[in-house]
Amino acid sequence: MGRILAIDYGKKRTGLAVTDELQIIASGLTTIDTASFFTYMKEYLKKEPVELFLVGEPKRMDNTPSQSEILIQPFIEKMTQEFPQIPIKRVDERFTSKMAFQTMIDGGLKKKQRQNKALIDEISATIILQSYLYNK
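Described below are features of the structure shown in this document. (Residues numbered from 1 in each chain as written. Predicted model: local features only at pLDDT ≥ 70, side-chain atom pairs only at ≥ 80, totals over all residues. Heavy atoms only, no water.)

### Considering helix 2 (residues 69-82)
Along its 14 residues, helix 2 runs 20 Å from first to last C-alpha, staying within 8% of the 20 Å computed at 1.5 Å per residue. Of all the positions in helix 2, only Glu69, Ile72, Phe75, Ile76 and Met79 are classed as buried. Projected down its long axis, helix 2 shows its buried positions confined to an angular sector of 115°, all on one face. Opposite the buried face of helix 2, at more than 90 degrees from it, the exposed residues are Ile70, Glu77 and Gln81. (Helix = DSSP H or I, 4+ residues; strand = E, 2+ residues; numbered from the N terminus. Expected span 1.5 Å × (residues − 1). Buried < 20%, exposed > 50% of the residue type's maximum accessible area, 1.4 Å probe, protein only. Arc of directions from axis to C-beta.)

### Thoughts on the nonpolar core
Soluble globular proteins tend to bury their nonpolar side chains together. If you look at the biggest cluster of nonpolar residues, it comprises 19 residues, and the most contacted ones within it are Leu5, Ile7, Phe37, Met41, Phe53, Phe75 and Met79. Looking at this core, the elements that each hand over two or more residues are strand 1 (3-8), strand 2 (13-19), helix 1 (37-47), strand 4 (50-57) and helix 2. Once residues lying within four places of it in the same chain are set aside, the contact partners of Phe75 are Ile7, Tyr9, Phe37 and Phe38. Among the nonpolar cores identified, the runner-up in size contains 12 residues, and Ile4, Ala17, Leu52 and Leu129 belong to it. (Core = buried A, V, L, I, M, F, W, Y, C linked by side-chain atoms within 4.5 Å. Contact = heavy atoms within 4.5 Å.)

Here's what the structure looks like:
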């Protein structure tokens, strides 16, 4: 059984989270510069089996796509071309950044640590993945 990898896509940074091989536990993997995503992912896939990509789907409160969806669509198209053997599912990512920030507060991180946007992106990807596993 391969891992499930969640992606919190951003114009500058992309947060990544992954399950264990049994697809039980969601853990933050890293946050990478979005421009290096495909290079990073090709190397990662050489080492780890991934059977599903989850890509966050940003929506407004009225359930319509947010403006960032315009940037995500070409990214997903390129993922489909680069990794045709791995299916992609979308997961509603509303409020994940706010939940990630609250998680950092609840975890006792100091104000300086909570300003780390890369950490927020990684935690957001973990929340996306955990919500998928919970509703699976």
